[in-house]
Amino acid sequence: MRDVHSFARPDEAVVRHIALNLEVDFERRVLRGIAEVRFEKTPEARRLVLDTHGLTIDRINIDGGGEATFALGDETPFLGRALTIDVDEDTEVVSIHYETSPDAAAVQWLAPAQTAGGKHPFLFTQSQAILARTWVPCQDSPGIRMTYSATVRVPKELMAVMSAENPVEANDSGVYHFHMPQPIPSYLLALSVGDLAFRRFSDNSGVYAEKPMIEASAYELADTPKMIEAAEKLYGPYRWGEYDVLVLPPSFPFGGMENPRLTFATPTILAGDRSLVSLVAHELAHSWSGNLVTNATWNDFWLNEGFTVYFERRIMEAIAGRDYSEMLALLGYQDLVATVAELPPRDTHLVGDLEGRDPDDAATKLPYEKGYSFLRLAEETVGREPWDAFLREYFDQHAFQSMTTRGFLDVLNARFPQLDATINIDQWVNGPGIPPNCPKIHSDAFVKVEEQVRAFESGTPASKLATKQWSTHEWIHFLRHLPKTLTREQMSGLDATFHFTDSGNSEILHEWLLQAIDHQYEAAYPALERFLLRQGRRKFLKPLYQKLAETPEGLARARAIYAKARPMYHAVSYRTIDQILKWSV
Ligand code: BES
Ligand code: ZN
């Protein structure tokens, strides 16, 4: 299977292990050192081809001995440059002496002012989808797996952690050793460096965060062991030993990233009431769907994310009940409808069509939510028990392997030969939009929320609405369904009663700020600016900047805010916002 996003030629020579020896230089904002790459090859192969992007290669040694000749190919947009290394018949290892660029897209270097502690710099990487090559020379394709080890040298006050076996406290040498014994694809390579603390939850789980954030993080994520237990009960043993979460500074561009053994997470999930922790269920679920059985190419991304959303909601159902998980499912379905309305039809097939495109641009909600709906339909059609038995076996039999969409469908059809005739799989996988047999999701809780929206619309003052005990999800549903015709007076009425503008819940605030832009509710503009300056999660930034950009006046405000905010954002986020605001640097 050819991966159009990698220069590697694994049929000739394929990487099996990388031993990194890196120094983290905060002054120059570079990683510098050696990647010792161990590979397997066919007897005839005389070259090893790796992916690089913005790396400076000093020299390459063969098997610890003489220098190898090598060539860097032409720079290709978002793919970088092929590194072709000449090897001998019996070469097994090459040692690449290299340095990253200060603007390596995977790496964000934070000044002390961008951290909670405010005293020390901070670093984190984000490798998915094809950014590992901006900090490690590797075969950067999800269809290729390797083990890795690393020695990382950092400033003495700081601690380093990776997607591997990790230290639990800083040492005074500033040198850390890592080992990842299970084979992983390159997009799961991850590193973070900062003034970190660790709090243990159980034998095999805990949380890392900057010291000032550790208490709040430990409180919020305390249900992690329950989630692990629920997940194992569903789809088999957790195979990675430890499961920890690292709560990052607010510029982290995603909600979460499933780096094995160490999920990276945004601090915007710290709502204070544990209401946003389904994100941890999601990243944990990737320990099966994605990290164990991995999408073979980025066109098969729905195999990672659709399965994971399905699994996430099953975990939440197990620990919080069906009413709860149905609220999540219904909010997800709303996202699906909005996404389908926005995208060109070809981008609404489950299988992607990413040749010549940056896979990051295609990371929409579609593979998540259409994938979820498809798997839920399959479950409802064959019955939960046979379905769960199937999935458990699927993860078991394909553990530590990659999977194509075709491969999955073959396994599915072999197990449930009648399924296709009943649900028409092809319309889901290779057809546009939302198929007519998409499962209908019902939530009693949300029906009650809609009643309150209607009451408000027909004149009941905000203070008289029946909103007692509403969860975050009910509030989101409420905010999403406010009438388009809302006046500014009604907006202030809501705000005076429910204090949305001052909400410490990032999801609620986000929905409210979208409404504020729509209804030109100026009282919320300072809060909007603060939100855009204070965190860099693309899922929040993108819709807000997009909405602002809809009017000339809003666009001007967006650009003024962005001029200040952009230096705080990770490349993943600012590349997206640059496009929205037509920003050029
Ligand atoms: N693996 C993804 C994040 C990702 C996707 C990074 C594509 C780069 C390219 C992660 O598991 C994820 O889906 N995160 C979501 C949260 C989740 C609860 C839907 C996010 O960051 O919003
Ligand atoms: Zn995910």
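Residues numbered from 1 in each chain as written. Chains lettered and ligands numbered in written order. Predicted model: local features only at pLDDT ≥ 70, side-chain atom pairs only at ≥ 80, totals over all residues. Heavy atoms only, no water.

Q: Any chance you could explain a negative patch on the surface here in plain terms?
A: Residues E44, D63, D88, E89, D90 and E92 make up a contiguous surface patch of negative charge. Mapped onto the secondary structure, E92 falls in the loop between β6 (81-86) and β7 (93-99). (Patch = residues over 30% accessible without salt bridge, like charges linked within 9 Å, V, L, I, M, F, W, Y side chains within 5 Å. Areas by Shrake-Rupley, 256 points an atom, 1.4 Å probe, with all protein chains shown as cover. Salt bridge = Lys/Arg side-chain N within 4 Å of Asp/Glu carboxyl O. Lys, Arg positive; Asp, Glu negative; His and termini not counted. Charge placed at Lys NZ, Arg CZ, Asp CG, Glu CD. Helix = DSSP H or I, 4+ residues; strand = E, 2+ residues; numbered from the N terminus.)

Q: I keep staring at the coordination of the zinc ion (ligand 2) and nothing clicks. Help me out?
A: Tetrahedral coordination by four donors sets the ideal angle at the metal to 109.5 degrees; octahedral coordination by six donors sets it to 90 or 180 degrees. Around the zinc ion (ligand 2), the protein contributes the donor atoms H282 (NE2), H286 (NE2), E305 (OE) and E305 (OE), which lie 1.9 to 2.8 Å from the metal centre. What the six donor atoms of the zinc ion (ligand 2) show is an angle range of 52 to 159 degrees at the metal, which sorts the shape as irregular. The sequence pattern describing where the donors of the zinc ion (ligand 2) fall on their chain is H-x3-H-x18-E. In this pair, H282 is assigned in helix α3 (residues 278-285) and E305 in helix α4 (residues 301-320), connecting sequence segments 23 residues apart. Residue classification places E305 among the buried positions, given a relative accessible area of 2%. (Donors = N, O, S within 2.8 Å, 3.2 Å for Na, K, Ca; no water. Tetrahedral: all angles 85-135°; square planar, octahedral: opposite > 155°, others 65-115°. Buried < 20%, exposed > 50% of the residue type's maximum accessible area, 1.4 Å probe, protein only.)

Q: Help me out: how do you make sense of α3 in this one?
A: Helical geometry note: an α-helix holds 3.6 residues per turn, so side chains three or four residues apart project in the same direction. Within α3, eight of the eight residues are buried, which leaves the element mostly enclosed by the surrounding structure. By the burial criterion, the buried members of α3 are S278, L279, V280, A281, H282, E283, L284 and A285.

Q: What should I look at first to understand the sheet that holds strand β14 (residues 196-202) in this one?
A: Sheets are built from strands paired through backbone hydrogen bonds, the pairs being either parallel or antiparallel. Strand order in the open sheet formed by five strands is β14-β15-β16-β18-β17, and the pairing between neighbours is mixed. With one partner strand each, in any of the chains shown, β14 and β17 (256-257) form the two edges of the open sheet. Taken together, the two bridges between β17 and strand β18 (residues 262-265) define a ladder with antiparallel strand orientation. Residue pairing in the sheet places G256 in a bridge with A265 of β18. (Pairing = 2+ DSSP bridges.)

Q: Teacher, can you tell me more about the site of ligand 1 here?
A: If you check the shell around ligand 1, you find 15 residues, and the closest are Q128, G255, E258, E283 and Y368. The side chain of H286 places a nitrogen or oxygen atom 2.9 Å from an oxygen atom of ligand 1. Summarising the interface, the protein chains cover 92% of the accessible area of ligand 1, which totals 520 Å² for the free molecule. No other element matches α3, which puts three residues into the shell around ligand 1. In the shell around ligand 1, the residues fall into five nonpolar, six polar and four charged. (Near = heavy atom within 4 Å. Polar contact = N/O pair within 3.5 Å; in protein donor to acceptor, adjacent residues only side chain to side chain. Nonpolar A, V, L, I, M, F, W, Y, C, P; charged D, E, K, R; others polar.)

Q: In this structure, what is going on with unusual backbone geometry? I would like to understand it.
A: Phi is mostly negative for residues that are not glycine, and the peptide bonds are mostly trans. Here the amide bond leading from Q128 into A129 is cis, since omega sits at 0 degrees, within 30 degrees of zero. Here the phi dihedral of R261 falls at roughly 70 degrees; this positive angle occurs in a residue that is not glycine. Exposure remark for R261: the relative accessible area of 12% places this residue in the buried category. Positive phi values are uncommon outside glycine, yet K582 reaches one of about 50 degrees. Note on placement: K582 falls in the segment after α18 (571-581). On the basis of relative accessible area, K582 is assigned to the exposed category, the value being 69%.

Q: Help me understand the sheet that holds strand β10 (residues 146-153), please; the structure alone is not making it clear to me.
A: Taken in spatial order, the six strands line up as β4-β7-β2-β1-β10-β12 in an open sheet, and their pairing is mixed. Of all strands in the sheet, those with a lone pairing partner are β4 (56-62) and β12 (175-184), marking the two edges. Neighbour to neighbour, the strand axes of the sheet diverge by 15 degrees on average, direction disregarded. Relative to β7, β4 is paired through six bridges, and the arrangement is antiparallel. Residue pairing across strands places T56 opposite E99, the latter belonging to β7. (Axes fitted to C-alpha atoms, helices over the stretch in contact; angles between N-to-C directions.)

Q: What is the right way to look at the domain arrangement of the protein chain in this model?
A: Note on interface size: it is often stated as the accessible area lost on association of the parts. On domain assignment, one finds that the protein chain holds domain 1 (1-193), domain 2 (195-287), domain 3 (302-430) and domain 4 (481-581). Distance between the C-alpha centres of domain 1 and domain 4: 37 Å. In this complex, domain 1 contributes eight residues to the contact, which on the side of domain 4 involves seven residues. Carbon and sulfur atoms supply 57% of the area that domain 1 and domain 4 bury against each other, a total of about 550 Å² over both sides. Three residues, A105, Q108 and Q114, lead the burial of domain 1 against domain 4; their summed loss comes to 66% of the area buried on that side. The tally of links between domain 1 and domain 4 comes to zero salt bridges. The tally of links from domain 1 across to domain 4 stands at four residue pairs in polar contact (both at pLDDT 80 or more). Split into classes, the residues belonging to the side of domain 1 that touches domain 4 amount to five nonpolar, three polar and no charged. (Domains from an automatic or database assignment. Contact = heavy atoms within 4.5 Å. Buried area = accessible area lost by both parts, 1.4 Å probe.)

Q: Which parts of the structure should I look at to understand the layout of surface pockets?
A: By rolling a water-sized probe across the atoms, one finds the places where empty space is left. Approximately 430 Å³ is the volume found for the second largest pocket. Together, 18 residues line the second largest pocket, and M1, R2, D3, A8 and P10 are the ones closest to its centre. Within the lining of the second largest pocket, the residues separate by chemical class into seven nonpolar, five polar and six charged. (1 Å grid on protein atoms, 1.4 Å probe; cavity = no way out; pocket = protein on both sides within 12 Å on 5 of 7 lines; lining within 4 Å. Points joined across faces, edges and corners; volume = space filled by probe spheres on them.)

Q: Quick question: what am I supposed to make of the pairing of β7 here?
A: Of all seven residues in β7, seven are buried, a share of seventy percent or more. Going residue by residue along β7, you find V93, S95, H97 and E99 tucked away on one face and V94, I96 and Y98 tucked away on the opposite face as well. For strand β2 (residues 30-41) and β7, the ladder comprises seven bridges, and the chain directions are antiparallel. Of the residues in β7, the one forming a bridge with A35 is I96.

Q: I tried to follow the pairing of β10 on my own but got confused; where do I start?
A: Consecutive residues of a regular strand have side chains that alternate between opposite faces of the sheet. The buried count for β10 comes to seven of eight residues, which makes it a mostly enclosed element. Across seven bridges, the pairing between strand β1 (residues 13-25) and β10 is parallel. Across the sheet, residue L22 finds its bridge partner in β10, namely V152. Examined bridge by bridge, β10 and β12 share seven bridges and lie antiparallel to one another. Residue T151 lies in a different strand from β12, and its bridge partner there is H177.

Q: Explain the side chain of R145 to me, please; I cannot follow it from the model alone.
A: Note on placement: R145 falls in the loop between β9 (122-125) and β10. One buried charged residue, R145, forms no salt bridge at all, with the nearest opposite charge on E258 at 11 Å. A polar atom in the side chain of R145 sits 2.6 Å from the backbone oxygen of N291. Side-chain polar atoms of R145 contact the side chain of T294, separated by 2.7 Å.

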